[in-house]
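Listed here are the chains, written in short residue letters.
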Amino acid sequence: MNEALDLLFGEGWVLWLTVLVFSLAIGSFLNVVIHRVPRQLLWAWDFGAWVGWQLLPMVVLLSAGTGAIIGITMLITGRHKKGQPLPFGPYLAGGGWLGLLYGEDLQRLYFSMIFQ
């Protein structure tokens, strides 16, 4: 069978078969992501492209921490009412920026505190 495939497709038929299988797998995965994942969660792909998937948890942690600190401060000072929604986009952008600039250093510091 290998000889027949070599004659038909040349010696690189394994490479072409691998490319075809992975293309179908990636296309199926992206189809599921585009049609099944809520639009609010697709921001992770954007920040994953900028900082890499390794730093994405750090970006989310920085964003949530920054949003929580500022949100609690705004509630205490009376600049924001309880129950009123607070946009997460600016904090996510700030966390992405901090992750892009200092993400690896912050991740090393975080892991050194946890895994002493």
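Parameters at a glance
Residues numbered from 1 in each chain as written. Predicted model: local features only at pLDDT ≥ 70, side-chain atom pairs only at ≥ 80, totals over all residues. Heavy atoms only, no water. Phe/Tyr/Trp six-rings, centres within 6.5 Å; stacked < 30°, edge-to-face > 60°. Buried < 20%, exposed > 50% of the residue type's maximum accessible area, 1.4 Å probe, protein only. Axes fitted to C-alpha atoms, helices over the stretch in contact; angles between N-to-C directions. Helix = DSSP H or I, 4+ residues; strand = E, 2+ residues; numbered from the N terminus. Parallel < 35°, antiparallel > 145°, perpendicular 65-115°, else oblique. Left-handed = near helix turned anticlockwise from the far one by under 90°. Contact = heavy atoms within 4.5 Å. Nonpolar A, V, L, I, M, F, W, Y, C, P; charged D, E, K, R; others polar. Expected span 1.5 Å × (residues − 1). Polar contact = N/O pair within 3.5 Å; in protein donor to acceptor, adjacent residues only side chain to side chain. Patch = residues over 30% accessible without salt bridge, like charges linked within 9 Å, V, L, I, M, F, W, Y side chains within 5 Å. Areas by Shrake-Rupley, 256 points an atom, 1.4 Å probe, with all protein chains shown as cover. Salt bridge = Lys/Arg side-chain N within 4 Å of Asp/Glu carboxyl O.

Q: Outline the packing of aromatic side chains, listing residues and values.
A: Counted under the stated rule, the structure contains 2 aromatic pairs. Ring geometry for Tyr110 and Phe111: centres 5.8 Å apart, planes at 55°, overall tilted. Assessed through its relative accessible area of 37%, Phe111 is described here as partly exposed. Among the aromatic side chains, those forming a connected cluster through ring pairs are Tyr110, Phe111 and Phe115.

Q: How would you sum up the packing of helix α4 (residues 56-77) against helix α5 (residues 89-114)? Please name residues and give values.
A: Close contact between α4 and α5 brings their axes to 7 Å; oriented N to C, the two are set at 120°. Looking at the two axes, α4 sits oblique to α5. The hand of the α4/α5 crossing is right-handed. Contact residues: Met58, Val59, Leu61, Leu62, Ser63, Thr66, Gly67, Ile70 and Met74 in α4; Tyr91, Leu92, Gly95, Gly96, Leu98, Gly99, Gly103, Leu106, Gln107 and Tyr110 in α5. Residue composition of the contact of α4 with α5, by class: 11 nonpolar, 8 polar and no charged.

Q: Quick rundown of α4? Include the residues and the values.
A: With 22 residues, α4 should cover 32 Å at 1.5 Å per step; its first-to-last C-alpha distance of 32 Å lies within 8% of that length. For α4, the full list of buried residues reads Leu56, Met58, Val59, Leu62, Ser63, Gly67 and Gly71. Of the residues trailing α4, Gly78 is marked for its positive phi of about 85°.

Q: Outline the side chain of His80, listing residues and values.
A: Positionally, His80 belongs in the loop between α4 and α5. For His80, the side chain forms a polar contact with the main-chain oxygen of Gln84, separated by 2.9 Å. If near-sequence neighbours (up to four positions away) are discounted, His80 is found in contact with Met74, Leu75, Pro85 and Leu86.

Q: Could you give an account of a nonpolar patch on the surface, with specific residues and numbers?
A: Side chains of Leu61, Leu109, Tyr110, Phe111, Met113, Ile114 and Phe115 sit close together on the surface and give an oily, nonpolar patch of about 720 Å² of accessible area. Top element by residues in the nonpolar patch is α5. It accounts for 5 residues. Classification of Ile114 by relative accessible area gives partly exposed; the value is 46%.

Q: Requested: an account of the pattern of salt bridges, with residues and values cited.
A: Counting across every chain of the model gives 2 salt bridges. The salt bridge involving Arg108 is made with Glu104; its shortest N-O contact spans 4.0 Å. Note that Arg108 and Glu104 are positioned in helix α5 at a spacing of 4 residues, about one turn of the helix. Overall, the relative accessible area of 53% leaves Arg108 in the exposed class. Exposure remark for Glu104: the relative accessible area of 52% places this residue in the exposed category. A salt bridge links Asp105 to Arg108; the shortest N-O distance between them is 3.1 Å. Of the two residues, Asp105 and Arg108 both sit in helix α5, 3 residues apart, roughly one turn of that helix. Salt bridges sharing common partners tie together Glu104, Asp105 and Arg108.

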